[in-house]
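Structural characterization, general
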Amino acid sequence: MADLLELRGVNTHIGQYHILHGVDFAVARNSLTMLLGRNGAGKTTCLRTIMGLWRASAGTIRFDGSEVQTLETPALARRGIAYVPENMGIFAGLTVRENLIVAAREGEPDDRRLDRIFMLFPAMKKFWHGLAGNLSGGQKQMLAISRAIVEPRKLLLVDEPTKGLAPAIIQAMIDAFQELKRDTTLLVVEQNFHFARSLGDAVAVMDSGRIVHRGRMADLAADETLQQRLLGLSLDTHQ
Amino acid sequence: MNRKWLPLVLIPAIALAALPLVPSLPTWVTLTVAGLAMGMMIFIMASGLTLVFGLMDVMNFAHGAFISVGAYAGASVLLAMKPAMQAQSLSANLSAIVPGVIAAMALAAALGWFFERVVVRPVYGDHLKQILVTTGGLIVCEQLIHVVWGPDLIPLPRPATFTGSYLIGDAAIERYRMLAVVVGLVVFGAMWLVLNRTKLGLLIRAGVENIEMVESLGYRIRRLFVAVFVAGSALAGLGGVMWAMYQESLTAGMGMQVMVVIFIVIIIGGLGSVGGCFVGALLVGLMANYIGYVAPKLALGSNILLMVLILLWRPRGLYPVGK
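Residues numbered from 1 in each chain as written. Chains lettered and ligands numbered in written order. Predicted model: local features only at pLDDT ≥ 70, side-chain atom pairs only at ≥ 80, totals over all residues. Heavy atoms only, no water.

Between two packed helices, both the angle of their axes relative to each other and the distance between the axes serve to describe the pair. All names here are of chain B. Contact geometry of helix α2 (residues 25–56) with helix α8 (residues 199–209) gives a least axis separation of 6 Å together with a crossing angle of 55°. It follows from the interaxial angle that α2 and α8 lie oblique. Together, Leu-51, Gly-54 and Leu-55 of α2 and Ile-204, Gly-207 and Val-208 of α8 make up the contact between the two elements. Of the residues contributing to the contact of α2 with α8, the split by class is four nonpolar, two polar and no charged. (Axes fitted to C-alpha atoms, helices over the stretch in contact; angles between N-to-C directions. Helix = DSSP H or I, 4+ residues; strand = E, 2+ residues; numbered from the N terminus. Parallel < 35°, antiparallel > 145°, perpendicular 65-115°, else oblique. Contact = heavy atoms within 4.5 Å. Nonpolar A, V, L, I, M, F, W, Y, C, P; charged D, E, K, R; others polar.)

Next up, the structure:
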């Protein structure tokens with residue numbers, strides 16, 4: 001599979017702090033790559049650097065065949081990268097409908113894509129005219145993801161989609177991501193290993209701003225010793 | 001529970017609370033209309049600033065300069081067309097007012113565009129520098145007004161058809177104040193439509209909440225901000241020329257004087273909230289008129305007291321914008 005996204009030697013500084021130290025990894029087309037690591041490993045910084053929200057101070061980011069590390073965030077979005085931040089970034093004062101209208105850059109949201117969103121997340125239809133700020137945490141996450149897929153995107157960057165969600169909602173999220181990965185390339189930052197194992201095709205593990213492991217998700221899921229070493233967790237405790 | 005209607009209740013509540021304090025019903029009606037008119041003009045001047053505050057977190061003290069410059073530009077046209085202004089014909093008056101308002105809005109908009117590019121853009125993200133450079137810009141503009149129009153107070157008679165009062169029962173209602181109420185409602189209605197019924201308005205509201213997310217969706221927020229800044233400056237110019245006609249005179253310092261009230265209004269309303277700005281402006285206008293009549297010595301402090309009470313009730317203003 002050809003790579004849709006490739007990071008080579010990416011460094012990121014935030015103020016005086018050096019966060020990413022030469023990050024190298026790639027995301028294959030039509031795959032779901034999990035970016036794992038302990039808190040503070042640099043996963044969110046990595047996504048934000050790809051999205052242009054923080055500037056790479058060194059290294060290259062290639063997306064769909066072009067170097068994009070100097071592009072601004074709106075230009076990256078227009079090239080087909082969608083971003084769902086850790087805090088979901090929903091517009092609380094707008095309705096669900098208005099959130100999706102804003103996300104549909106090319107005009108009104110397409111009916112077929114809306115049908116797909118309603119199929120994945122029925123709550124979006126139910127609360128269509130409700131204020132986004134009144135949704136529950138899980139529904140806000142569903143809205144954030146709906147907004148990212150309201151138009152065709154080449155790459156979806158999702159930061160901790162299960163954070164703070166109840167187990168039943170997490171299962172709904174797994175089902176939704178299973179459906180999404182059929183036609184979208186995804187790079188997902190996640191702390192929930194059960195979620196990561198259920199969905200990931202490939203995995204990259206970060207520690208202290210560096211990639212310390214790359215490979216197939218299935219291989220990591222099968223190797224508990226490796227999980228202990230890389231993530232400091234036992235699979236049993238995260239099922 | 002959605003309690004969006006609660007702040008709206010404050011408007012009739014203040015009006016009814018003032019009723020027993022005012023000696024007669026006609027006086028109360030006159031004061032109420034005067035308060036609403038004043039509130040509408042403050043809203044017109046303040047609405048652009050609250051969006052600039054909310055959208056880009058910019059503290060623009062130079063907004064007062066747009067008000068003054070708009071007033072002077074409009075007054076120049078109105079005074080040049082004195083015969084049309086003094087004619088007892090609405091169409092003749094409008095033939096002077098319309099170009100006067102256009103001149104006020106155009107010059108204020110052009111000044112706003114210049115300020116955004118030259119003064120504000122280098123200091124995004126730094127409140128202290130924003131306060132310093134925009135206050136400096138305000139002072140420079142005032143001095144430039146002295147150079148161009150002179151340092152003296154300029155009298156500005158109202159258009160003939162908007163001079164005098166309507167008598168409703170025993171209550172005298174100034175015609176110009178009615179005009180101010182109508183213009184204020186039209187501006188509010190237009191802003192409401194733009195913000196709630198257009199994609200541009202949705203983007204502005206979304207940007208006020210989360211700029212980063214709007215950029216992540218592919219929109220160049222900087223362009224949107226420039227558009228809002230220029231439109232807000234134009235509205236300040238409109239408010240400026242209306243305020244000058246209301247006071248029947250203009251000075252270079254009029255913008256700076258009204259800025260205190262404008263800041264109170266946008267803080268009361270909730271930074272970035274146009275609806276809150278509207279309600280806040282009406283509350284301030286009513287309060288100023290009632291207290292100014294009942295206890296003139298307290299008039300200066302009444303709006304500060306109003307702001308303190310509202311912030312004790314709702315610390316982020318009447319309609320806080322979710323950030």
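Alright, that's what it looks like, and here's the rest.
The next thing to look at is the interface of chain A and chain B. Between chain A and chain B, the contact holds 27 residues from the first and 17 residues from the second. Considering only the side of chain A, the residues that lose the most area to chain B are A:Pro74, A:Phe91 and A:Val102, jointly responsible for 29% of the buried surface there. Across the pair B:Arg205 and A:Glu98 runs a salt bridge, and its minimum N-O distance is 3.4 Å. The interface formed by chain A and chain B contains 10 residue pairs in polar contact (both at pLDDT 80 or more). Elements supplying a minimum of two residues to the side of chain A that touches chain B: α2 (73–78), β6 (81–84) and α3 (96–103) of chain A. Ranked by residues supplied to the side of chain A that touches chain B, first place goes to α2(A) with five residues. Class assignment of the residues belonging to the side of chain A that touches chain B gives a composition of 17 nonpolar, four polar and six charged. (Buried area = accessible area lost by both parts, 1.4 Å probe. Salt bridge = Lys/Arg side-chain N within 4 Å of Asp/Glu carboxyl O. Polar contact = N/O pair within 3.5 Å; in protein donor to acceptor, adjacent residues only side chain to side chain.)

Now for unusual backbone geometry. For A:Glu160, which is not glycine, the phi dihedral falls at a positive 45°. Looking at the element boundaries, A:Glu160 is found in the loop between β7 (155–159) and α7 (167–180). The phi dihedral of B:Glu248 falls on the positive side, at around 60°, and the residue is not glycine. Considering the arrangement of structural elements, one finds B:Glu248 in the loop between α10 (221–247) and β4 (249–250). Of the residues examined, B:Glu248 reaches a relative accessible area of 40% and is grouped as partly exposed. (Buried < 20%, exposed > 50% of the residue type's maximum accessible area, 1.4 Å probe, protein only.)

We now examine the side chain of B:Asn303. Residues and elements named next belong to chain B. With respect to the secondary-structure elements, Asn-303 resides in helix α13 (residues 299–313). Owing to a relative accessible area of 8%, Asn-303 belongs among the buried residues under this scheme. Ignoring anything within four residues of it in the chain, the contact list for Asn-303 reads Ile-264, Val-284, Met-287 and Ala-288.

Next up on the list: empty space enclosed by the protein. Scanning the entire structure with this criterion turns up two cavities of 30 Å³ or more. Taken as a whole, the largest cavity encloses approximately 80 Å³ of empty space. Lining the largest cavity are 13 residues; nearest its centre among them are A:Ala82, A:Tyr83, A:Ala148, B:Ser216 and B:Leu217. Elements with a minimum of two residues in the lining of the largest cavity: β6 and α6 (137–148) of chain A together with α9 (211–216) of chain B. Examining the composition of the lining of the largest cavity, we find that four residues originate from one element, β6(A), more than from any other. Each residue belonging to the lining of the largest cavity can be placed in one class, and the counts come to nine nonpolar, one polar and three charged. There is about 50 Å³ of room inside the second largest cavity. Forming the walls of the second largest cavity are B:Leu78, B:Leu79, B:Lys82, B:Met85, B:Gln86, B:Leu156, B:Pro157 and B:Arg158. (1 Å grid on protein atoms, 1.4 Å probe; cavity = no way out; pocket = protein on both sides within 12 Å on 5 of 7 lines; lining within 4 Å. Points joined across faces, edges and corners; volume = space filled by probe spheres on them.)

This part is about a nonpolar patch on the surface. All names here are of chain B. The grouping of Ile-304, Leu-305, Val-308, Leu-309 and Leu-312 at the surface amounts to a nonpolar patch, some 480 Å² of accessible area in total. With respect to the secondary-structure elements, Val-308 resides in helix α13. Residue Val-308 is classed as partly exposed on the basis of its relative accessible area of 40%. (Patch = residues over 30% accessible without salt bridge, like charges linked within 9 Å, V, L, I, M, F, W, Y side chains within 5 Å. Areas by Shrake-Rupley, 256 points an atom, 1.4 Å probe, with all protein chains shown as cover.)

This paragraph deals with the packing of aromatic side chains. All names here are of chain B. Tallied over the entire structure, the rule returns 13 aromatic pairs over all chains. Note on Phe-188 and Phe-278: the rings are 3.9 Å apart at their centroids and 15° apart in plane angle, and the pair reads as stacked. With Phe-188 in helix α7 (residues 175–197) and Phe-278 in helix α12 (residues 274–294), this residue pair connects regions lying 90 residues apart in the sequence. Of the two residues examined, Phe-188 and Phe-278, each falls in the buried class. (Phe/Tyr/Trp six-rings, centres within 6.5 Å; stacked < 30°, edge-to-face > 60°.)

We now examine the confidence of the model for chain B. Predicted confidence across chain B gives a mean pLDDT of 92, with 99% of residues reaching 70 or more. For this predicted complex, the interface confidence reaches an ipTM of 0.91, while the overall pTM sits at 0.86. (pLDDT = per-residue confidence, 0-100.)

So, on to the layout of surface pockets. In this model, the largest pocket occupies a volume close to 1200 Å³. Along the wall of the largest pocket there are 39 residues; nearest its centre are A:Gly93, A:Leu131, B:Lys4, B:Tyr319 and B:Pro320. If you list the elements that add at least two residues to the lining of the largest pocket, you get α3 of chain A together with α7, α8 and α12 of chain B. In terms of lining, the second largest pocket is formed by A:Gly52, A:Arg55, A:Glu72, A:Thr73, A:Pro74, B:Met56, B:Ile211, B:Glu212, B:Glu215, B:Arg220, B:Ile221 and B:Arg222. For the lining of the second largest pocket, the secondary-structure elements that each account for two or more residues are α2 of chain A together with α9 and α10 of chain B. For the lining of the second largest pocket, the element with the most residues is α9(B), which contributes three residues. For the lining of the second largest pocket, a count of residues per class yields four nonpolar, two polar and six charged.

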